[in-house]
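# Per-entry structural report
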Amino acid sequence: MALFTWKDEYSTGVVQFDNEHKRLIALINELHTAMMESRSQDVVQDVLKKLVQYTQIHFKHEEDVFARTGYPDAAQHKIQHKKLVEQVMAFNTGREKNACLSIDVLKFLKQWLLEHIEKNDKAYGGFLNSKGIV
Ligand SMILES: [Fe+2]
Ligand SMILES: [Fe+2]
């Protein structure tokens, strides 16, 4: 799997959230590198934990702004966030059972983030911009 690089076309139009997405991409790459270098499971697990924690912080930031601005698609968007967290938790449980975090989890996270930015996050840009959030 190639490293994940930021592209301008991923921009939501909100600088804070673009920066947070860049940080998520960096963490996915860090996880990829740790796995490719066959680092110990502890190291891989630490990076995964950081990624999950930062994902939750990022989701909360988006959801707080939705609440503050009355974003009309907030409910549907929050369901997407919740589903991802549940899926990652399920992977985590599975990983403990299998003692190995699979590359499939990494591919899933990358794919999920890309699709979510493209389909859900980019959709809030115009609305938030109209509320003065740029
Ligand atoms: Fe989102
Ligand atoms: Fe996002």
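Residues numbered from 1 in each chain as written. Chains lettered and ligands numbered in written order. Predicted model: local features only at pLDDT ≥ 70, side-chain atom pairs only at ≥ 80, totals over all residues. Heavy atoms only, no water.

Taking an unreviewed UniProt entry as the reference, the protein chain is identified by name as Bacteriohemerythrin belonging to Rhizomicrobium electricum. Looking at the protein chain in UniProt, the text filed under Sequence similarities (unreviewed entry) is "Belongs to the hemerythrin family." (UniProt positions renumbered as here; feature names shortened; annotations may be inferred.)

Bringing the coordination of the iron ion (ligand 1) into the picture now. Coordination sphere of the iron ion (ligand 1), protein contribution only: Glu62 (OE), His77 (NE2), His81 (NE2), His116 (NE2) and Asp121 (OD), at 2.1 to 2.3 Å. Each donor residue of the iron ion (ligand 1) belongs to the same chain, with the gaps between them written as E-x14-H-x3-H-x34-H-x4-D. For the pair the iron ion (ligand 1) and the iron ion (ligand 2), the metal-to-metal distance amounts to 3.4 Å, and Glu62 bridges them. Residue Glu62 is located in helix 2 (residues 41-69), and its partner His116 is located in helix 4 (residues 103-130); the two are separated by 54 residues in the primary sequence. Owing to a relative accessible area of 3%, His116 belongs among the buried residues under this scheme. (Donors = N, O, S within 2.8 Å, 3.2 Å for Na, K, Ca; no water. Helix = DSSP H or I, 4+ residues; strand = E, 2+ residues; numbered from the N terminus. Buried < 20%, exposed > 50% of the residue type's maximum accessible area, 1.4 Å probe, protein only.)

Take the confidence of the model for the protein chain next. Of all residues in the protein chain, 92% have pLDDT values of 70 or greater, and the mean over the chain is 90. For the protein chain, per-element mean pLDDT is lowest for helix 3 (residues 74-98), which scores 83, and highest for helix 1 (residues 15-36), which scores 95. (pLDDT = per-residue confidence, 0-100.)

Time to look at the coordination of the iron ion (ligand 2). Metal coordination angles have textbook ideals: 109.5 degrees for a tetrahedral set of four donors and 90 or 180 degrees for an octahedral set of six. Of the protein atoms, only His21 (NE2), His58 (NE2), Glu62 (OE) and Asp121 (OD) coordinate the iron ion (ligand 2), at distances of 2.1 to 2.2 Å. One can describe the site at the iron ion (ligand 2) as irregular: its 4 donor atoms subtend angles covering 82 to 170° at the metal. Sequence spacing among the residues donating to the iron ion (ligand 2) works out to H-x36-H-x3-E-x58-D. (Tetrahedral: all angles 85-135°; square planar, octahedral: opposite > 155°, others 65-115°.)

Attention shifts here to the pattern of salt bridges. One pass over the full model with this rule turns up 5 salt bridges. Ionic pairing is found between Lys119 and Glu115, a salt bridge with its closest N-O pair at 3.6 Å. Here Lys119 and its partner Glu115 are both found in helix 4, 4 residues apart, which amounts to about one turn of the helix. (Salt bridge = Lys/Arg side-chain N within 4 Å of Asp/Glu carboxyl O.)

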